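# Analysis of the macromolecular model
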Amino acid sequence: MPVLEGLWGPDLRMRDSGLGVGVDVGVCPDEASRSPVWGPLRTPPVTCGGLSLALELPALIRQLRAAWRARRGGPRGSERSEASTWVEAEKEDVEEGKQDIEDRSIHLEADGRLSTGHAGVLLAERRGSYPLIDLHILKTSAQQGEVESGNRRKVKRLLSFQRYCHASRLLRGLVPHTPGSLHLLDDDYLGQAGHMLSKVGTWNFDIFLFDRLTNGNSLVTLMCHLFNVYGLIHHFQLDMVKLHRFLGMVQEDYHSQNPYHNAVHAADVTQAMYCYLKEPKLAEQLSPLDVFLGLMAAAAHDVDHPGVNQPFLIKTRHHLASLYQNTSVLESHHWRSTVGMLRESGLLSHLPADMWQDMEQQLGSLILATDISRQNEFLLTFREHLDNQDLDLQLASHRHFMLQIALKCADVCNPCRVWGLSRQWSERVCEEFYRQGDLERKFDLEISPLCNQQADSVPAIQIGFISYIVQPLFLEWYRFTETSLLSQTMMGHLHKNKARWSRLRYAHTHLDTQTHPHIDEPEPEGGGGEGESIP
């Protein structure tokens, strides 16, 4: 399938964090070979592509200007050394990109090898192994697109590491107040973010606003706060540097160009998970390990998501589909990527081997439960437990099952949010569907269900999603919580939102029938009896 070779992203270089080999977060590959082995409390080198990350913004601008002069006519005077360093580094990037093209087949073969070692010990999947699907690259030649994307990633890594370091200082309370320091967030914004964290357990928490107030660091900031709330750092004796490194890797490995499956979605699911962990019937029985696993699984459950679904990977013969034998392909990749980052960061390395291996397996069980194709399997088991009244939360296995159910609820809870938030998420997920459909149409593939923008409207998709996925699951959760206040609030929003989407679909269909009179007009669903007007 030569036409599909351009689908997969440019840089397939991989790092085997399971063997402790690779490049740490924020460090460029061309520097890794020269970097010493860092101790657990040492900070990494802060240079990238000839630029010093410790520089203030004016100094960075001066280096960029020097590079521009070097291209146009050569540097003058004292600028020559800085500019030549930048140009040489850029040439190395281009050569590196060309070498990546030649080595593509080798990397693909390496990633498809067996992933279990002796005695069944789990080996971490190579982090960043997913070939990113970039629509911009499809419009250019393969080689040119790969070189350009490689350069873009270098710049993105530099900026991401700057932002990561600043966020780490904020969370440790080490905010610099020197006049010349570069502030990514001013004091007003920091105060507003802190005020929002004081209300993180409320169901109307606006994760979009929180992400803006934290300058795109919502997932890292939220996880650190929740770990402090539950005392998990002290309980598991976690190294703060390793924790920040791990969370930074997780946040960075979500693809921001995805409209839906990005780090904001992960933060939203984590916040919902926190609300569910606080439910009285569950909170009374949970151990610190249960809370740790629940929050970690929520934060990493969609890490490195490509923005397309499993059927797309299967019909394009992607190597991940072959690696996982077309079963829970994305969920398996999310889990194995999380294991890779845990080992690369060394977050759990101080724990006994049998303990951290068991934690990795339980994380996998939780993340794999988010596979939507297993919805009926979990729903029927949950319903049977409630009908038989045999759930014993003093048993670790039953608590783990309820963590699976809670994570599934958190993953699909958007229709249970207030309308303003719910509609944003609905439009985002449909936009991601439509992008996949456009990609399939471009390469003459069969368009997947729900991915045809001409045939599948947002209201129709949401009504089906609520009716067949969300509502049956949350009805059983409502029974489990014994009609808690949160459950009542969620079910109220769910019914209102479904009725509102029904009115929107009717209005959309009525408009179509005016354009095409031969189409029969359907009756509106939901009755529109919620007392809300269509915006």
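Residues numbered from 1 in each chain as written. Predicted model: local features only at pLDDT ≥ 70, side-chain atom pairs only at ≥ 80, totals over all residues. Heavy atoms only, no water.

The next thing to look at is helix H12 (residues 263-277). End to end, H12 covers 21 Å across 15 residues, agreeing with the expected 21 Å (1.5 Å per residue, within 8%). The element H12 is largely enclosed, with a buried count of 15 among its 15 residues. Its side-chain oxygen at 3.1 Å from the backbone nitrogen of Val264, Asn262 defines the N-terminal cap of H12. (Helix = DSSP H or I, 4+ residues; strand = E, 2+ residues; numbered from the N terminus. Expected span 1.5 Å × (residues − 1). Buried < 20%, exposed > 50% of the residue type's maximum accessible area, 1.4 Å probe, protein only. Polar contact = N/O pair within 3.5 Å; in protein donor to acceptor, adjacent residues only side chain to side chain.)

We now examine the nonpolar core. With 102 residues, the main nonpolar core has Phe227, Tyr276, Phe292, Phe474 and Trp477 as its most contacted residues. The element contributing the most residues to this core is H12, with 11 residues. Once you skip the residues sitting within four places of it in the chain, Tyr276 turns out to touch Trp203, Leu282, Ala406, Cys409, Ala410, Cys413, Phe474, Trp477, Leu486 and Met490. If you look at the next biggest cluster of nonpolar residues, it comprises 11 residues, including Leu320, Ala321, Leu330 and Leu439. (Core = buried A, V, L, I, M, F, W, Y, C linked by side-chain atoms within 4.5 Å. Contact = heavy atoms within 4.5 Å.)

One can describe the packing of helix H20 (residues 396-411) onto helix H22 (residues 458-480) by two numbers: an axis separation of 11 Å at closest approach and a directional angle of 130 degrees. Classified by the interaxial angle, the pair formed by H20 and H22 is oblique. Viewed along their axes, H20 and H22 form a crossing whose handedness is left-handed. Residue-level inspection shows Met402, Ile405, Ala406, Lys408 and Cys409 of H20 in contact with H22, the latter providing Leu473, Phe474, Trp477 and Phe480. Split into classes, the residues belonging to the contact of H20 with H22 amount to eight nonpolar, no polar and one charged. (Axes fitted to C-alpha atoms, helices over the stretch in contact; angles between N-to-C directions. Parallel < 35°, antiparallel > 145°, perpendicular 65-115°, else oblique. Left-handed = near helix turned anticlockwise from the far one by under 90°. Nonpolar A, V, L, I, M, F, W, Y, C, P; charged D, E, K, R; others polar.)

Using the residue numbers shown here, the UniProt feature "binding site: Zn(2+) 1" (unreviewed entry) corresponds to His265, His301, Asp302 and Asp411. The greatest C-alpha distance among the residues just named is 10.0 Å, despite their covering 147 residues of sequence, which places them together in space. Mapped onto the elements, His301 comes out in the loop between helix H14 (288-300) and helix H15 (310-315). Classification of His301 as buried rests on a relative accessible area of 0%. With sequence-adjacent residues up to four places away left out, His301 is seen in contact with Tyr254, His265, Ala266, Val269, His334, Ile367 and Asp411. Within polar-contact distance, the side chain of His301 engages the side chain of His265 at 3.2 Å. (UniProt positions renumbered as here; feature names shortened; annotations may be inferred.)

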